[in-house]
Amino acid sequence: MKKNRLFPRSGAVAAAAFRLSTVCIALVLGCSARAADVQWIGNSYIFPANGSITSSSDVWLNTETYPLDSAASVRVVYSLDAGANWLTVAMTKNGVSGNNDKWHVNLGRLPCGSRIRYAIEATSPSRWDNNGGSDYTANVNVADGDICPTTLNWVSNYGFKNGKDTVSVTVSNPNTDARTYVLSSDAVRRSDVENKGTTRTLNETLGKPVVRTGNPLFDSLFALAYGEMANTLSVNQISDGAYNGGKPIPCPKDGGSGGCFKTGVKWSYVWTRDSAYAIDLSLAQMDPVRSANTLKFKISDRRGNPGSPELVQDTGSGGSWPVSTDRVVWARGAWEVLKYLSGDSRTQFRDAAYAAMVNTIENDRIAVYDVGTGLYAGEQSFLDWREQTYPTWTASNVVHIGMSKTLSTNVNHWMILDVAARLAAEKGDTATSTRYRGWADALKTAMNNNLWLPQAGLYSTMKTTELDPSSVQRYELMGEALAVIDGIADATRTASILQTYPHTVAGAPVAWPQIRDTPIYHNQAIWPFASAYWLRAAVLGKNDAVVNHNLKTLIRGAGLNLSNMENFQFISLSGNHQDQDNGNRAGPVINSEAQLWSVGGYMSSVLDVVFGRQATQTGLRFQPFVTKYMRNTLFSTANSIHLKNLPYKGKTLNVEVLLPARDGTSSGYYNVASVKLNGTLVANDTYFTASTSASDTYNVQIQLVDANASRTTMTVVEDTGDYRRFWAPREPTGVSVTLSGGLLSIGFSTNGETGVVHHIYRNGTRVASNLTTTQWTDPTSTHHASKTLCYSVESQYTGGDAVANLSHHSEPICYWHPGTITVFNTGAGLNSLDGASTATDHGRPHFNDWGATNQVLEAAFTPGLTGSYGVQLVYGNAFGPVNSGVTAAVKRIEVVNAAGQVVASDVVMMPQLSNWDVWGDSSFARFSLTAGATYKIRVKDFYNMSYLESNATYGGSGGAGGPVNRANVSGMKLLRME
């Protein structure tokens, strides 16, 4: 057996030399020759072989020593960063081979893109196998799906190429705080993007926020997000073709400066929900003045009546508010901005915000609060494209959308109440603070009582409409995330939500399940900003599996598209998905580069997850949630990661997170072990304020330690080729309710679905399950004369690889017993008190263009039975399209008793319809009436968004031509419910 010769020193040997010489001096006898000295080390190899190693491989190093039992120890000295840092690990005996001892060690899973440089030493005396002084090397290949320090691969079976997309980055001047990155992507991108090339150059700015993690790709994507915020979306004027004739509108200014944020490359205006979510996610800290100006643009007085400002609901479904009511999300952004303003600027913004919030809260309480459920009505927040997430029968009759009670919108109503209560207390208004706190607490209880589905372990996305008060078995990411973040969900529900919400291999879709035959936008889509909120929720719930999965979503999405896009297809993660078999599965149909809330979301994932930023109105702290995956893969070559130049109330914050040693695992996370501020140890949970130190620079150093946490789980729905795993059945149609033999019989159509069972709901409660036929008789419907019974049907896939995906509910159909409906028609029971004009076109007599602010309609009614009644107006409204505008007609219904007293009032909406020949029913006003009493039911003016000064330049109805809160009204219905 050939003996080892003394090779020239390799890098590994040189790195170990000082430590070895020290050992020899201390242990002289251990370094002298013995009869059983190691004479040879060799036959070293790596497994898997070089060329076959990936980040999912356990990497084993193997060697042999001669003679038997001669080596006291064997170790590997290796580097993953070209020799900048060296690691040492002991090998263990692994049997014998002839006259040689065998040794091995498992280095674990190493980060993709790494180049392993190693040598092996046996003692004693010291014998090295170091490839003749050159060290051994091997490469960790970039496997499908890997995210590496300078490259990533993403493989999808969808899209143009049905193959692999790759992103890479190169770095100039890497050792400065003003790097230049060149990002490259070979993903097939949209033809309508502004940056059409396959590369994008990013220049950091000295003194502005940057991250340094030892992962240039990760660092560059933060630079991309910050650059899009600062260079693309920060503007001094905005524009939209629907406002001011398309001409620019100056941004509001705080003290003559600041500008505002536009919403995206394709969305050059300021929109309430987009701006508020983006500002809440991260923009408030990055530019608090510009953020405040942006939010102030969405505060408006009424035209000609200043002094009662409120929040703007943008153009939208059926003519805007109150079909949509998520303008209240504005409070989320405002509360965040207040954390980063100080002095007079903070006071002035606080007072303006508080006044607008109070007026909004009070008007919403009148118009959209439902006493029966304790919930607020209104379309889902941000999911505002009707057929994308609602049943098909609501697409052209959006009054049902206006009557829906949705999770995300209700959480945001809770948020505005919470913020207003806090600000009232800050301003010394204890009574108002107490009132709003009570409303917020009651709303939290109502959400948990009405929308939590114990059998699903998730909150329902909605109660669809007034006559079907059941909570559907469908789910939305934003609502679930906000329920966790805002504390609506307790710890048990939080854990269930994070473990249960369905993901695909690409990430978390914003709605589940998907709707068939509907293009990609909200349906079949991942939205980065929603994923960012989901990441925040996962950190609160300490679910590292969800954190890792969704952080990868944001990294891949931004890198592949060289921009922070609006949305992606939910399996391919493509912003330009193509499907040759089904055009409805191509898209997204709209997708903007540099989308404001996507930019805010990406920065939030770095600030709030990786570095653990937590801010209050008085201070700021950092509680990093670094997972084992991040440490061992994303930040594998670093001993610490850095966030530099973060602004905070005139101070500059630099955060260094000291990382524990790599351990090769991918499950688990770290806790904070210690915190130092400017070199001085402080409590781990310390909040830093602007007065904590006189220094203008706060250097925060955080040491992490293994949390030794239990393994967390999540739900990933794999693609087996069975579409039923992702899509829901179409909802049943043609529902009929007939009386036969004293019982009600329900019939319906499957809407072309096969392999399904059906469930029937009555007045919101399931009364029949797993039906395989389309006809069913309700055995407990004998009380149909005393209580109105309304039925809806849902379908569910069965068999094969199908998961428990259920359809939307069918449109509810009621059995109205004779005498339960009273109809007053124009001139036949429904009268004008002021001589309103009438007409007979559009198929029926009606009050024409009715609803000026001083006009009143009235009908007299004497109920035959005491009970609960619903009042609806029969109307026509084509002042705008079904999908946009500001002219949903909104009127107050008053009940006046014989003494002339108003004993009850409610508000109804009459959303825009497709044309003037289409007639619809308004939303319900609900009243309790007494048999034998005579009432006058009066219809009076309330208001809509066209009344706001912010719409004075709007180009559609209700804009520059003046407010429009009118409709054609042909009749009034009074319906006895019970």
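Residues numbered from 1 in each chain as written. Predicted model: local features only at pLDDT ≥ 70, side-chain atom pairs only at ≥ 80, totals over all residues. Heavy atoms only, no water.

This next bit is on the overall build of the protein chain. The number of helices and strands found in the protein chain is 16 helices and 61 strands. Dimensions along the principal axes, computed over C-alpha positions, put the protein chain at roughly 120 × 70 × 50 Å. Per-residue burial over the protein chain gives 59% buried out of 978 residues. Of the accessible surface of the protein chain, which amounts to about 34,600 Å², a share of 49% is contributed by carbon and sulfur atoms. Within the protein chain, one finds 80 positive and 79 negative side-chain charges whose respective centroids are separated by 5 Å. (Helix = DSSP H or I, 4+ residues; strand = E, 2+ residues; numbered from the N terminus. Buried < 20%, exposed > 50% of the residue type's maximum accessible area, 1.4 Å probe, protein only. Areas by Shrake-Rupley, 256 points an atom, 1.4 Å probe, with all protein chains shown as cover. Lys, Arg positive; Asp, Glu negative; His and termini not counted. Charge placed at Lys NZ, Arg CZ, Asp CG, Glu CD.)

Let us look at the pattern of salt bridges. Once the charged atoms of two side chains with opposite charge are near each other, the side chains can pair. What the rule picks out here adds up to 47 salt bridges. Between Lys628 and Asp706 there is a salt bridge, and its shortest N-O distance comes to 3.0 Å. With a gap of 78 residues between them, Lys628 in helix 16 (residues 628-634) and Asp706 in strand 40 (residues 697-706) connect regions that are remote in the sequence. Overall, the relative accessible area of 6% leaves Lys628 in the buried class. Residue Asp706 is classed as partly exposed on the basis of its relative accessible area of 27%. For the salt bridge of Arg724 with Asp722, the shortest nitrogen-to-oxygen distance reads 2.9 Å. Look at the salt bridges and you will find they share partners, linking Arg346, Arg350, Asp351, Glu426 and Lys427 into a network. (Salt bridge = Lys/Arg side-chain N within 4 Å of Asp/Glu carboxyl O.)

By definition, the strands of a sheet pair up through backbone hydrogen bonds, in either a parallel or an antiparallel sense. Ordered in space as 43-44-47, the three strands form an open sheet in which the pairing is antiparallel. Two strands bound the open sheet, and with one partner strand each, they are strand 43 (733-740) and strand 47 (775-778). Each adjacent strand pair in this sheet contributes to an overall mean axis angle of 20 degrees, direction not counted. Of the strand pairs in this sheet, strand 44 (residues 743-749) and strand 47 are connected by four bridges, and their pairing is antiparallel. Within the sheet, the bridge partner assigned to Leu744 lies in strand 47 and is Asp778. (Pairing = 2+ DSSP bridges. Axes fitted to C-alpha atoms, helices over the stretch in contact; angles between N-to-C directions.)

The full count for this structure, using the stated rule, is three disulfides. Covalently, Cys112 is tied to Cys148 through a disulfide, its sulfur atoms 1.9 Å apart. Looking along the S-S bond of the Cys112-Cys148 disulfide, the torsion reads about -125 degrees, which is the left-handed sense. Of this pair, Cys112 sits in the loop between strand 6 (100-108) and strand 7 (115-123) while Cys148 is found in the loop between strand 9 (136-139) and strand 10 (151-155), placing the two residues 36 residues apart along the sequence. Using a relative accessible area of 1% as the deciding quantity, one classes Cys112 as buried. Two residues, Cys251 and Cys260, share a disulfide whose sulfurs are 2.0 Å apart. Taking the sign of the S-S torsion, -50 degrees for the link of Cys251 and Cys260, the bridge is left-handed. Per residue, the accessibility class of Cys251 equals that of Cys260, and both read buried. (Disulfide = S-S within 2.5 Å.)

The next point concerns the sheet that holds strand 2 (residues 59-66). Strand order in the open sheet formed by four strands is 1-2-6-5, with antiparallel pairing between adjacent strands. What marks the edges here is a single partner per strand, and that holds for strand 1 (40-47) and strand 5 (92-97). Going from strand to strand, the sheet's axes swing by 25 degrees on average, the running direction of each strand aside.

This part covers the confidence of the model for the protein chain. Summing up the model confidence of the protein chain, the mean pLDDT is 93 and the portion of residues at 70 or higher is 95%. Confidence over residues 1-9 falls short of pLDDT 50; this stretch has 21 contacts with residues more than four positions distant or in other chains. (pLDDT = per-residue confidence, 0-100. Contact = heavy atoms within 4.5 Å.)

This part takes up the side chain of Thr151. Mapped onto the secondary structure, Thr151 falls in strand 10. Polar side-chain contacts of Thr151 include one of 2.7 Å to the backbone oxygen of Val167. If near-sequence neighbours (up to four positions away) are discounted, Thr151 is found in contact with Val142, Asp146, Thr166, Val167, Ser168 and Leu217. (Polar contact = N/O pair within 3.5 Å; in protein donor to acceptor, adjacent residues only side chain to side chain.)

Quick look at the pairing of strand 51 (residues 829-832) now. Of the pairings in the sheet, the one linking strand 50 (residues 821-826) to strand 51 comprises two bridges and is parallel in character. When the bridges of strand 51 are listed, Asn825 appears paired with Gly829. Bridge count for strand 51 against strand 54 (residues 857-861) is two bridges, and the pairing is antiparallel. Its bridge partner being in strand 54, Ser832 is matched across the sheet by Leu857.

Within the secondary structure, Ser674 sits in strand 38 (residues 670-677). For Ser674, the residues in contact, after removing those within four places along its chain, are Leu681, Asn684, Gln701, Ile702 and Gln703.

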